Amino acid sequence: MPIRQLSETMINQIAAGEVIERPASVVKELVENALDAGATRIEIVTAGGGLNLIRVSDDGLGIPEKELALAIARHCTSKLADNIHDIRSLGFRGEALPSIGSVARLSIRSRTASSENAAEIGIDGGRVSAVRPAAANRGTTVEVRDLFFATPARLKFMKGERAESSAIGDVIKRIAIAFPAVRFTLAGPDRSTLELPATDDSPEGRLRRVAQVMGADFPDNAIAIDATRDGVHLAGHVSVPSFTRANALQQYAYVNGRPVRDKLIAGAIRGAFADVLPRDRHAVTVLFLTLDPAIVDVNVHPAKADVRFRDPGLVRGLIVGAIREALANAGIRAATTGAAGMMAAFRPGAASYAHGGPANGHRSYEAAYRASGFAGFDPARSPQRPLDMGGGFGEDEQAAFDAGPLHSADARAGQNEAAETLLGTALGAARAQVHENYIVAQTRDSLVIVDQHAAHERLVYEALKNALHARAVPSQMLLLPEIVDLPEEDAERLAMHSETLARFGLGIERFGPGAVAVRETPSMLGETNVQQLVRDLADEIADNDTVDTLKERLDRIAATMACHGSVRSGRLLKPEEMNALLRQMEATPGSGTCNHGRPTYIELKLADIERLFGRR
């Protein structure tokens, strides 16, 4: 087949395959155009999951009548000067509108503030109609009908109407977080209406917008981030470690106001929360990176979803360091969802907290009550029962009731009421120890229940980590050096990080082309697969320019040591030991969760307790 010039329609359809993946991609491009036009109100209407109809209306600057034809021409844009490295708008390629018009029926109606009349232009599967007069308010309305009618094969790859509608909602929410001063409305027969009222660009306004998108729980469980390093500014909020999600969909990242899904940023968030989250749980984050456009390349993906930083190590270090510092400075905080769960469990009919079978080898409260000698009384049938005995807060199995008297410690035995200073602390004054594992403490306005083993495990772990990283890690000399064959570029990267690796007890040096010799390994690792360790480090350096793999392995060993060396469940504590544990928790960063990410304490406010008893 001879080489030939493709038609303009074919070129636009090829571009549409890159830019327009699904209806949500169309919505993203049109909303970004509205924001670049200075809109303060954007209304989106969809039908059929966006395949039948997408209409985006804004109150922006509008498009002059004489520029409408250029607006749907390929590579025509008002957002880019002569410097591709100085991009300050969301869009800049000039491909979206002609690409959409090549695979759908597109119409644009617009009026500027200085024009008395509006004008309209259409493009139907690549065929452009003439500009004609129209009636409209100031701003622009873009309407897309019958998406992919010109490329029917693409329709086979679309998901169901509900899935496409959900994807459109996710796009709007992601964009809306970055523009709190803009009012967004998303409506249509295929969805319930989503309204996001405008707030303002202040930190408080941004947090209110985040609450609109992510729910009212997030601000109550968020920690503010504000850090700058070498001209890169990071702001936003991250959740406390005990407030997590099952996936990373609620991790929002923005670079100069642009929503991105960047693996470097996602990896940095994982690294920052590495030893405070449960396995397979994810933090909730909203992070804004602001930096010189010249040191970040946003022109690496047709849909502008990825970016490339000139100094990725700087950005990753800033994110990890800022989050860890914020977590440390926030002191001890527990997620409010823990208290909410406790409240729900106390209420009658909370069957979702009931266990279908044995739990931790204990018998149920109901069975225990029957075994205590009141066989003639059936709490499940009593009209005066305080709780639904088929569920509620009680564990299904509680062996302590038929094992004799409960062992507990009263922190007030033989002493006066706790000093007022202790009641004013974050975790308050210890009042009792119940079930030989839980410390009950009192503050001025709350009740605190502490898991003594989980809490002490975190304290021991942090102490071991500090001792481990305060000096060079002890190493063990190998009898015979281990030679690891690697690609030349990997060997070179490892050699460049040899000093850092030596501080962690790993001694390596170049051993000819494409190989390194390992002469020392960290003593804590004991017998280890040196070949696999070195290759893992080489892969991580190639991806992130860090050697965190080795540090994480050492931290995992410290976590195991802490688990076995901490106060065990079943040990009775003296009052002074309980209070000492509480004070250490208050002074230790990250003590709101144990090494495995489980909460170490739950706080129930006095107001919630009074609400349970009908006092409020």
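Residues numbered from 1 in each chain as written. Predicted model: local features only at pLDDT ≥ 70, side-chain atom pairs only at ≥ 80, totals over all residues. Heavy atoms only, no water.

**Examining the overall build of the chain**
Secondary structure summary: the chain contains 20 helices and 26 strands in total. A separation of at least 24 residues holds for 69% of the contacts in the chain among residues at least 6 apart in sequence. Accessible surface for the chain amounts to roughly 30,400 Å². Of this, 52% is attributable to carbon and sulfur atoms. (Helix = DSSP H or I, 4+ residues; strand = E, 2+ residues; numbered from the N terminus. Contact = heavy atoms within 4.5 Å. Areas by Shrake-Rupley, 256 points an atom, 1.4 Å probe, with all protein chains shown as cover.)

**Section: the pairing of strand E4 (residues 118-124)**
The buried fraction of E4 is high, at six of seven residues. Direction of pairing for strand E3 (residues 105-111) relative to E4: antiparallel, over a ladder of six bridges. Of the residues in E4, the one forming a bridge with Arg105 is Asp124. Between E3 and E4, which follow one another and run antiparallel, lie six residues. Here E4 runs beside strand E6 (residues 132-134); their pairing, made up of three bridges, is antiparallel. Paired with Ala119 across the bridge in E6 is Pro133. Pairing of E4 with strand E5 (residues 127-128) involves two bridges; the strand directions are antiparallel. When the sheet's bridge partners are listed, Asp124 is paired in E5 with Arg127. (Buried < 20%, exposed > 50% of the residue type's maximum accessible area, 1.4 Å probe, protein only. Pairing = 2+ DSSP bridges.)

**Let's talk about the sheet that holds strand E11 (residues 232-239)**
The sheet built from five strands is open, its strands ordered E10-E11-E16-E13-E14 with mixed pairing. Edge positions in the sheet fall to strand E10 (222-229) and strand E14 (258-260), since each of these pairs with one other strand and no more. Direction aside, the axes of adjacent strands within the sheet are offset by 20° on average. In the packing of helix H10 (residues 312-329) onto the sheet, the strands contacted are E10, E11 and strand E16 (285-290), and the crossing angle to E10 comes to about 140°. (Axes fitted to C-alpha atoms, helices over the stretch in contact; angles between N-to-C directions.)

**With respect to the sheet that holds strand E24 (residues 507-510)**
Two pairing modes exist for strands in a sheet, parallel and antiparallel, and in both the strands are linked by backbone hydrogen bonds. Taken together, the three strands give an open sheet; going across it, the order is E23-E25-E24, and neighbouring strands pair in antiparallel fashion. The open sheet has two edge strands with one neighbour each: strand E23 (475-485) and E24. Direction aside, the axes of adjacent strands within the sheet are offset by 20° on average. Pairing analysis gives seven bridges linking E23 to strand E25 (residues 515-522), with the strands arranged antiparallel. Pairing of Ser475 across the sheet is with Pro522, part of E25.

**Thoughts on helix H19 (residues 575-587)**
Between its terminal C-alpha atoms H19 stretches 19 Å, which fits the 18 Å expected from 13 residues at 1.5 Å a residue. When H19 is considered as a whole, its buried residues turn out to be Met578, Asn579, Leu581, Leu582 and Met585. Across the axial projection of H19, the buried residues extend over an arc of 155°, all falling on one side. In H19, the exposed positions that point more than 90 degrees away from the buried face belong to Glu576 and Ala587. (Expected span 1.5 Å × (residues − 1). Arc of directions from axis to C-beta.)

**Focus on helix H7 (residues 203-214)**
Over its twelve residues, H7 extends 16 Å from the first C-alpha to the last, a length consistent with the 16 Å expected when each residue adds 1.5 Å. For H7, the set of buried residues is Gly205, Arg209, Val210, Val213 and Met214. Down the axis of H7, the buried side of the element spans an arc of 155°, and every buried residue falls inside it. Residues of H7 that are buried sit in contact with helix H6 (161-178), strand E8 (183-187), strand E9 (194-196), helix H8 (217-220), strand E13 (251-255) and E16. Following H7 by one or two positions, Gly215 has its phi on the positive side, about 105°.

**Re the packing of helix H14 (residues 452-469) against H19**
Running from N to C, H14 and H19 point in directions that differ by 50°, and their axes come no closer than 10 Å. Taken together, the axis directions place H14 and H19 in an arrangement best described as oblique. Handedness of the H14/H19 crossing: left-handed. Within the contact between the two elements, H14 uses Gln452, Ala455, His456 and Leu459 and H19 uses Leu581, Gln584 and Met585. Taken together, the residues of the contact of H14 with H19 sort by class into four nonpolar, three polar and no charged. (Parallel < 35°, antiparallel > 145°, perpendicular 65-115°, else oblique. Left-handed = near helix turned anticlockwise from the far one by under 90°. Nonpolar A, V, L, I, M, F, W, Y, C, P; charged D, E, K, R; others polar.)

**A look at the confidence of the model for the chain**
Taken residue by residue, the chain gives an average pLDDT of 82. The fraction at 70 or more is 82%. When the criterion is pLDDT under 50, residues 350-407 qualifies, and its contacts beyond four places in sequence or with other chains add up to 75 contacts. In this model, residues 413-417 is a region of pLDDT below 50 whose contacts with residues beyond four sequence positions or in other chains number two contacts. (pLDDT = per-residue confidence, 0-100.)

**Brief notes about the side chain of Arg431**
Along the chain, the position of Arg431 falls in strand E20 (residues 429-434). Of note is the side chain of Arg431, whose polar atom sits 2.7 Å from the side chain of Gln442. (Polar contact = N/O pair within 3.5 Å; in protein donor to acceptor, adjacent residues only side chain to side chain.)

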